[in-house]
Every structure is written in structure tokens, then in C-alpha cells.
Amino acid sequence: MSWFKYNYALVRQIPNSLETEAVRMNNSEAVDFKQARQEYQNYKTVLEKCGVKPVEVEKDEQFPDCVFVEDAAVVIGDKAFMTRQGHPSRRGEVILMPDNVLKNKLDLNIVDMCNDKDDSTIDGGDVLFTGKEILVGLSKRTNAGGIKKIADTFPDYPVTSIPVHSSVLHLKSIATMFGEDIMAVGGSLAAKSMFQSIKEKAKFKYQYIELMNDQSSNGLFINGILVHKTQAEIGDRDYQTIVSSIKGKRLETCLKELYKVDGCLTCCSLLINNEKIS
Ligand code: CIR
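Nothing here was measured: the structure is a model prediction, and the numbers come from that model.

### Notes on helix α4 (residues 144-153)
(1) Moving on: Of the residues making up α4, those classed as buried are G146, I147, K149, I150 and T153. Projection of α4 onto a plane perpendicular to its axis shows the buried side chains occupying an angular sector of 155°, all on one side. Exposed positions of α4 whose direction lies more than 90 degrees from the buried face are A144 and K148.
(2) Moving on: Residues of α4 that are buried make contact with β3 (73-76), β4 (79-82), β5 (109-112), β6 (127-129), β7 (134-138) and β8 (159-163).

### Observations regarding the sheet that holds strand β13 (residues 225-228)
(1) Moving on: Strands sit in the order β12-β13-β14 across an open sheet of 3 strands; the sheet is mixed. Of all the strands in the sheet, just β12 (220-222) and β14 (250-252) have a single pairing partner and so form its edges. For this sheet, the mean angle separating the axes of adjacent strands, direction not counted, is 25°.
(2) Moving on: Pairing geometry for β12 and β13, over 3 bridges, is antiparallel. Bridge pairing in β13 places I222 opposite I225.

### Digging into the site of the ligand
(1) Moving on: Neighbouring the ligand are 13 residues; V23, D65, E70, D71 and V261 lie closest to it.
(2) Moving on: The contact in question runs from an oxygen atom of the ligand to an N or O atom on the side chain of R90, over 2.8 Å.
(3) Moving on: In this structure, R141 approaches the ligand through a side-chain N or O atom, which is 2.8 Å from an oxygen atom.
(4) Moving on: Considered on its own, the ligand offers 340 Å² of accessible surface; in the complex 99% of this is hidden by protein.
(5) Moving on: Residues belonging to the shell around the ligand are distributed by class as follows: 5 nonpolar, 2 polar and 6 charged.

### Points about the confidence of the model for the chain
(1) Moving on: Taken over all residues, the pLDDT of the chain has a mean of 94, while the share at 70 or more is 97%.
(2) Moving on: Model confidence for the complex: the whole-complex pTM is 0.96, and ipTM, which rates the interface, is 0.98.

### Concerning the sheet that holds strand β11 (residues 207-210)
Pairing between sheet strands relies on hydrogen bonds along the backbone, with the strands arranged either parallel or antiparallel.
(1) Moving on: Ordered by their spatial adjacency, 3 strands build an open sheet running β9-β10-β11, and the pairing between neighbours is mixed. Only two strands of the sheet have a single partner each, and these edge strands are β9 (175-179) and β11. Each neighbouring strand pair of the sheet contributes to a mean axis angle of 35°, computed without reference to strand direction.
(2) Moving on: Bridge count for strand β10 (residues 182-185) against β11 is 4 bridges, and the pairing is parallel. Across the sheet, residue V185 finds its bridge partner in β11, namely E210.
(3) Moving on: The sheet contacts of helix α5 (residues 189-201) involve β9, β10 and β11, and relative to β11 the element is tilted by about 175°.

### Some remarks on the pattern of salt bridges
If charged atoms from side chains of opposite charge come close, those side chains can pair.
(1) Moving on: A full pass over the atoms with the stated rule returns 13 salt bridges.
(2) Moving on: Residue R90 is joined to D71 by a salt bridge in which the shortest nitrogen-to-oxygen separation is 2.7 Å. Placement of the pair is R90 in the loop between β4 and α3 (101-104) and D71 in the loop between β2 (53-57) and β3, with a sequence separation of 19 residues. A single burial state applies to R90 and to D71, both of which are buried.

### Some remarks on the state of the cysteines
(1) Moving on: Applying the stated criterion across every chain, the model contains 0 disulfides.
(2) Moving on: Cysteine C267 shares no disulfide, and the gap to the nearest cysteine sulfur, in C264, comes to 3.5 Å.
(3) Moving on: On the accessibility criterion, C267 (5% relative accessible area) is buried.
(4) Moving on: Its sulfur unpaired, C268 is 4.2 Å from the next cysteine sulfur, which belongs to C267.
(5) Moving on: On the basis of relative accessible area, C268 is assigned to the buried category, the value being 0%.

### A short note on the pairing of β9
(1) Moving on: Among the 5 residues in β9, 5 count as buried, and that is most of the element.
(2) Moving on: In sequence, β9 turns back onto β10 through a hairpin of 2 residues, with D181 there showing a positive phi of about 60°.

Cut-offs applied
By convention here, each chain's residues receive numbers from 1 onward along its written sequence. Confidence filtering applies because this is a predicted model: local features only for residues at pLDDT of at least 70, side-chain atom pairs given and counted only at 80 or more, and all residues used for totals across whole chains, interfaces and linings. As a convention, hydrogens and water are excluded, and side-chain values are obtained from all of the structure's heavy atoms. Under the scheme applied here, a residue whose accessible area is under 20% of the maximum for its type counts as buried, over 50% as exposed, and between as partly exposed, the area being computed with a 1.4 Å probe on protein chains only. A run of H or I in DSSP becomes a helix once it reaches four residues, and a run of E becomes a strand once it reaches two; helices and strands are each numbered from the N terminus. Arc definition: it is the arc formed by the directions from the helix axis to the C-beta atoms. Whether two residues touch is decided by their heavy atoms; if any such pair falls within 4.5 Å, the residues are in contact. Whether two strands pair depends on DSSP finding at least two bridges between them. Fitting a line to C-alpha atoms yields each axis, with helices limited to the stretch in contact; the angle taken between N-to-C directions then spans 0 to 180 degrees. Definition of nearness: a residue and a molecule or strand are near each other if at least one heavy atom of the residue lies within 4 Å of the molecule or strand. Whenever two N or O atoms come within 3.5 Å, that pair is a polar contact, provided that in protein one can donate a hydrogen and the other can accept it, and provided that, for residues adjacent in sequence, both atoms are side-chain atoms. All accessibility values rest on the Shrake-Rupley procedure with a 1.4 Å probe; residue burial counts only the protein chains present in the view. Note on residue categories: nonpolar means Ala, Val, Leu, Ile, Met, Phe, Trp, Tyr, Cys or Pro, charged means Asp, Glu, Lys or Arg, and polar means any other residue, Gly included. Scored from 0 to 100, pLDDT reflects the predictor's confidence in each residue. A carboxyl oxygen of Asp or Glu within 4 Å of a side-chain nitrogen of Lys or Arg is what we treat as a salt bridge. The rule for a disulfide is simple: a pair of cysteine sulfur atoms within 2.5 Å.

The structure is reproduced here in C-alpha cells:
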């Protein structure tokens, strides 16, 4: 059975506060807000073309990064693990989701670490589910306690920690699944050292697509279709590598404005497969 079948995607509107208050690593370029909203609209259209229905939650101006829903929960099968995020400004994004949408609308079983009285943290961007195992980035945002909670919540899968280089935000900033057993990885020095750990520590073998730019390695594999970034964003060489490596259907979309605040393709949706509500 394929683990990359989905029928819904939870997405969240972009708040105005993102423009000036979103957490950033290095990039200080201004976000063109109109363009960001247009790109985001196109992103949702691409999800629909993949056979996924976006369920949109209202923005919350208190949480400038709330559009990046991937960090707020980890969904595998019918279980949704609500994270306590690594960055304090982002905690509470899920709790304040109107209607408790994951439980009430999307009918998922909720496991919630948000109110745990310890210092465990995890961002969904560090959780790479390969279909066979879960690789979790040990990063500035995700600690060993958080990784243990992922292992406790999803006991059917091996869980392995991968150290995330300090210049990289999340594990999925440099590695995501581009197909069944196909993993794309970035080419920076930091990404290469993380890739080495993946090869050494993962319990299963994958076909690896090695790309030059880290941002080229972030894509979504949905219902047999790869969604990846555009040629203009990732450059000719990585674009050609993707085109020649992927035999199945591909769709392209651009989120370059959200990339300025460290957003990517995976982080703007939570993909869900729940046949009970199809
Ligand atoms: C943050 O620093 O938390 C946001 N500005 C970007 C989060 C991106 N999340 C992701 O890639 N999973």
C-alpha cells in the first residue's frame, strides 16, 4: 500500500503580521505580500490538481508564522500528533485553530503534547516520514524529548534521529520524498553532512536524487504526482536533474515570497488521508 495517498490538506491563510513579524534565519528581504498571496493561491490549486481538497483554517494575526501548518502537527494515517514547537512565538498555533479542525472536520485521533509539563519540543518540518520509517531532525527546534514522543506516538515505525546542521532550519529543508523510496537531498556542505547521517542511520535503502541547491530538495509527493519548485526558483541544473530522474507525473509551483521567511512547499500544508471522510 502506498503511504503517499491523500484526500485532504489542512492549510491556513497567511496573516498580515507575517510581513514584519515572521521568524527568519538569514534573509531580510521584504515579502511582496500581494505576490505571496497569489503564489499561495496557486499552491492550493496545485494541491487540488493532485486530488487533494484543501481545508482552509482562518489566519490568526497573533501567530505570524501560522501559515506554516506543517510544523504544528505530524499526521500519519488517522493519527495527528500536535506538537509543542521549538520557537516560543509559534506555540499555540494549533491550540487556537478554530473548530479544532483536525479532530472535528478531519476526524483524526489527536495526540497532544502542547500541554505536557516538560521541555520537549518538535517542529513538524523535522519529521520525514518515508513510508517505512520516520527520520527526525535533531535541530534548534526539535530536541531528544520531542523525538521520543514521536517514537511513542507512532510505534509501528522505526524512528531515527538525524542531526541537523546549525545553518539549516529543519531536516525537510534539505531532504524530502520525491516518490516511493525516492528521496531528494540538497547539495550544500551542511546538507551533505546530514545526507551522510541519513545514509548511515536510516533503516531502509532509498534511491537518492542529489541536487545542488538545498531548496530544490523540498517537494511533495501526492497520489503519484511530484510537486516541486519551478525552474526559475531552483535553476536549470536542478530542474533538469528532477525532470530526468522522475518518470511519473510532475507539477510545479512557486512559493518564492514565503521562502524569504524560510517557508517551503511541505510546510504550507498538512496532508491527510482519511477514507472515513472521502
Ligand atoms: C519559522 O522560522 O518557523 C518560519 N518562519 C518558517 C517555518 C518553515 N517551516 C517548515 O519548513 N516546516
